[in-house]
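As a plain string of letters, each chain reads:
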Amino acid sequence: MKKIGGKSLIFPLRDNQQRRTITVTGTGDVQARPDFAQIQIGVVTESLNASEASRENASLMNRVIQSLVNLGIQRADIQTAQYNVFPKYDYVEGRQEFRGYEVTNSVSVKIRNIQDVSNVIDTAVSNGANRVSQIEFKIENVNGFVSRALQLALQNAGEKAVAIAEKLRLSYMPVPIEITEERLNEPILFREMAASRDIGTPIEPGIIEIRAELKVKYQY
């Protein structure tokens, strides 16, 4: 039986085969360079008046978005991720004291040219952004890399099964009867950071490692 995506494929057994099994785990690693980035850029404002905090936030965010468009980022690649307005309080000698309102507005930005990530961040910050978070480096067409990782994982599982079969001096090689996809790793994720207006932001996309893990049951 092969189980991928919630579905199972069953490999029929030969009548003369005994139902003895061994189970191994195979892993396959494929390295690839990311070809686009996804980040959240935010503006946080505070004021004693909620409307004032919202107006200031909207003005700054509009300026940030326009600065990104001026860099060549398509508006379709800029999407609101969150918008929050909530009261802020301080606690003084055990008492809650109202401090004002905080407005947070964040947009998710898709950067199609990896080389532009640092410039995008610095441009946004210089135009009013004060939060940059959830920086992810991704691959646009990842399916080919995933397929290769799965093939390598199956090959690795087969090599382990053969090694076990040889050690046990089996008369014939084990036959796979059940394959389960156990895990596929996630893209690289960078930590959240507060942004400063006078930085030159160093960003290194590095290499994405795509790891597939298969649990394979063999009959012998």
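Note that the coordinates shown come from a computational prediction; the quantities given were computed from them, not determined experimentally.

### Topic: the overall build of the protein chain
Part 1 of the reasoning: Helix and strand content of the protein chain: three helices and eleven strands.
Part 2 of the reasoning: In sequence order, the secondary structure elements of the protein chain are arranged as β-β-β-β-α-β-β-α-β-α-β-β-β-β.
Part 3 of the reasoning: The buried share among the 220 residues of the protein chain stands at 36%.
Part 4 of the reasoning: Restricting to contacts in the protein chain with at least 6 residues of sequence separation, those with at least 24 account for 81%.
Part 5 of the reasoning: Surface accessibility of the protein chain: about 13300 Å² in total, with carbon and sulfur atoms responsible for 46%.

### Here we look at the confidence of the model for the protein chain
Part 1 of the reasoning: Looking at the protein chain, pLDDT values average 86 and 84% of them are 70 or higher.
Part 2 of the reasoning: pLDDT under 50 marks residues 189-198. Its contacts with residues more than four places away, or in other chains, come to 25 contacts.

### Some points on the nonpolar core
Part 1 of the reasoning: In this structure, Ile39, Ile41, Val64, Leu68, Val109 and Ile121 are the most contacted members of the largest nonpolar core, which totals 25 residues.
Part 2 of the reasoning: Where this core is concerned, the elements lending two or more residues are β4 (36-47), α1 (50-70), β6 (95-111), α2 (117-126) and β7 (131-138).
Part 3 of the reasoning: For valine 64, the contacting residues outside a window of four places in its chain are Ile41, Val43, Ala124, Asn127, Gly128 and Ala129.
Part 4 of the reasoning: Counting residues in hydrophobic clusters, the runner-up holds 18 residues, among them Ala32, Ala153, Ile179 and Tyr220.

### Let's talk about the packing of α1 against α2
Part 1 of the reasoning: It is at 8 Å that the axes of α1 and α2 come closest, and there the two elements cross at 145 degrees. For α1 against α2, the interelement crossing comes out right-handed. Contacts from Val64, Ser67 and Leu68 of α1 reach α2 at Val120, Thr123 and Ala124.
Part 2 of the reasoning: When the residues that make up the contact of α1 with α2 are grouped by side-chain class, the tally is four nonpolar, two polar and no charged.

### Section: helix α3 (residues 143-168)
Part 1 of the reasoning: Taking 1.5 Å per residue as the helical rise, α3 with its 26 residues ought to reach 38 Å, and the 38 Å between its terminal C-alpha atoms agrees with that figure.
Part 2 of the reasoning: In this fold, the buried residues of α3 make contact with β3 (21-32), β8 (175-184) and β11 (208-219).
Part 3 of the reasoning: Arginine 169 sits one or two residues past α3 and shows a positive phi near 55 degrees.

### Quick word on the pattern of salt bridges
Part 1 of the reasoning: Scanning the model with the defined rule gives eight salt bridges in all.
Part 2 of the reasoning: The residue lysine 88 makes a salt bridge to glutamate 102 at a minimum N-O spacing of 3.5 Å. Residue lysine 88 is located in strand β5 (residues 78-92), and its partner glutamate 102 is located in strand β6; the two are separated by 14 residues in the primary sequence.
Part 3 of the reasoning: Residue lysine 88 is classed as partly exposed on the basis of its relative accessible area, which comes to 22%.
Part 4 of the reasoning: Here arginine 99 ties to aspartate 90 by a salt bridge, and the two come within 3.4 Å at their closest N and O atoms.
Part 5 of the reasoning: Sharing partners across several salt bridges, the network here consists of Glu46, Asp90 and Arg99.

### Describing unusual backbone geometry
Part 1 of the reasoning: Within the chain, glutamate 93 stands out as a residue other than glycine whose phi angle is a positive 50 degrees.
Part 2 of the reasoning: Residue placement: glutamate 93 occurs in the loop between β5 and β6.
Part 3 of the reasoning: Despite not being glycine, glutamine 134 shows a phi value in the positive range, around 50 degrees.
Part 4 of the reasoning: One can find glutamine 134 in strand β7.

Parameters at a glance
- Residues numbered from 1 in each chain as written.
- Predicted model: local features only at pLDDT ≥ 70, side-chain atom pairs only at ≥ 80, totals over all residues.
- Heavy atoms only, no water.
- Helix = DSSP H or I, 4+ residues; strand = E, 2+ residues; numbered from the N terminus.
- Buried < 20%, exposed > 50% of the residue type's maximum accessible area, 1.4 Å probe, protein only.
- Contact = heavy atoms within 4.5 Å.
- Areas by Shrake-Rupley, 256 points an atom, 1.4 Å probe, with all protein chains shown as cover.
- pLDDT = per-residue confidence, 0-100.
- Core = buried A, V, L, I, M, F, W, Y, C linked by side-chain atoms within 4.5 Å.
- Axes fitted to C-alpha atoms, helices over the stretch in contact; angles between N-to-C directions.
- Left-handed = near helix turned anticlockwise from the far one by under 90°.
- Nonpolar A, V, L, I, M, F, W, Y, C, P; charged D, E, K, R; others polar.
- Expected span 1.5 Å × (residues − 1).
- Salt bridge = Lys/Arg side-chain N within 4 Å of Asp/Glu carboxyl O.

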